[in-house]
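# Coordinates in review
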Amino acid sequence: MLKKLSVLVLLFTLLGSGSSLFAQRENSPEQGVYLYVIQQVPLSFEKTVQNLEQQIKISPFRLVGKLEIKSPEKCSYRSNVLVLYDSAYAKQLLEINRFTAPFAMLNRINVFEDEKGVQVAIVNPVSINRTVLMSDNGNDKISKLQRERLRSLIKTAVPGELSGKHYGEIRDRGYIGRTLGIMAGGSFNDKIEVIKEMPGADFMEVVKNVQAGMNGGNGKWGMHLVCSCVSEDEGIAILGTSGPELEAKSFEIVKAGSDHERKDLKCPGLAHAAAYPIEVVIVKDKDNVKVEMLDMMYRMKMYFEDAGKWAFAKNMGMPGSVADDVKNQIATLTVSK
């Protein structure tokens, strides 16, 4: 009888381990950039994505983009990133900091495969908002509520082993310092670059022209438009861009990152796929329309810092070339006045 009781206790402990891990981290100031929600899904990759898309349709979220990730060479595993928009949540962030909030308004779900099966993870709003809104934990309540909405959506749509495991760079504050004392650190608001400013331009005309320019898929990285989220009333558009060669190279560089349990897997970097797409933000500012993008080295630091400082040092030229590809797509933009 005692032996059976012990087995039952062990079983309940294992079943609740995902929730307990999440609860332990929930009360800690340390937050990972990414968070597993379901691991070892007992469904096919296609069915998992399909279930999520169906659940999104009946949720407060809107699917504004779907990115089919380019896997590293000789890797047969796949990843899809679903990009979501929640208008009520976006409004809350804009009320906190209208200048920086557009870079945190989209939520991303990563469905990816590995030797263990299908996994579902998210970009952690708590970690990202601390950086973007420049408040270490002042807005954690809003961020945690949004994280729970995402987790609830996923858990409703997808069966499997519940998880609360954080990974990516684990930070206890929003501020990101410089790597090796020189690379990509500082306050988020200082890292927003104005690519183009057009006095007197029509907001929606600019949006349509930028969308057209980003559809090209040209340049070294093949950057192309992945998602569009436009709020004409707010005068804000968030366009997402990514490129297959950029994705594959990024995952080769980051490898398992901080998740050491993945270090022996064939293509561990797919767990970081929700770092993409990259945001290009269009804002109406009084009589001006501005096209903005985050400093690319800084953005890489946000999502891939757990690759390690030497990985950044060895690939210092990569962020600049990615930024150039995006800027070149927008450089010829013309609008009527």
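Check the entry above for the structure.
What this report covers is the structure whose coordinates are included nearby.

Definitions and cut-offs
Residues numbered from 1 in each chain as written. Predicted model: local features only at pLDDT ≥ 70, side-chain atom pairs only at ≥ 80, totals over all residues. Heavy atoms only, no water. Helix = DSSP H or I, 4+ residues; strand = E, 2+ residues; numbered from the N terminus. Buried < 20%, exposed > 50% of the residue type's maximum accessible area, 1.4 Å probe, protein only. Contact = heavy atoms within 4.5 Å. Areas by Shrake-Rupley, 256 points an atom, 1.4 Å probe, with all protein chains shown as cover. Phe/Tyr/Trp six-rings, centres within 6.5 Å; stacked < 30°, edge-to-face > 60°. Salt bridge = Lys/Arg side-chain N within 4 Å of Asp/Glu carboxyl O.

What follows concerns the overall build of the protein chain. If you tally the helices and strands in the protein chain, you get 11 helices and 12 strands. In the protein chain, buried positions account for 53% of the 337 residues. Residue pairs at least 24 apart in sequence account for 75% of intrachain contacts in the protein chain once pairs closer than 6 positions are excluded. When the accessible area of the protein chain is evaluated, it comes to approximately 15000 Å², of which 51% is carbon and sulfur surface.

So, on to the packing of aromatic side chains. Tallied over the entire structure, the rule returns seven aromatic pairs. Measuring from ring centre to ring centre gives 5.3 Å for Tyr-34 and Tyr-167, while their planes differ by 25°; the resulting arrangement is stacked. Taken together, the residues Tyr-34 in strand β1 (residues 31–41) and Tyr-167 in strand β7 (residues 166–171) connect sequence positions 133 residues apart. Comparing Tyr-34 with Tyr-167, the two get one shared label, buried. Judged by centre distance (6.3 Å) and plane angle (40°), the ring pair of Tyr-36 and Phe-112 falls under tilted.

Looking now at the pattern of salt bridges. Summed over the entire model, instances satisfying the criterion amount to 14 salt bridges. The closest approach of N and O atoms between Glu-279 and Arg-108, which form a salt bridge, is 3.5 Å. Of this pair, Glu-279 sits in strand β11 (residues 278–285) while Arg-108 is found in strand β4 (residues 106–114), placing the two residues 171 residues apart along the sequence. Neither residue differs from the other here; Glu-279 and Arg-108 are each classed as buried. Of the charged contacts, one joins Asp-140 and Arg-130 as a salt bridge, the two residues approaching to 2.7 Å between their closest N and O atoms. Of this pair, Asp-140 sits in helix α6 (residues 140–157) while Arg-130 sits in helix α5 (residues 125–132), and the two are 10 residues apart along the sequence. In the salt-bridge network here, residues are joined through shared partners; they are Glu-46, Arg-78 and Glu-113.

Geometry only, nothing functional implied.
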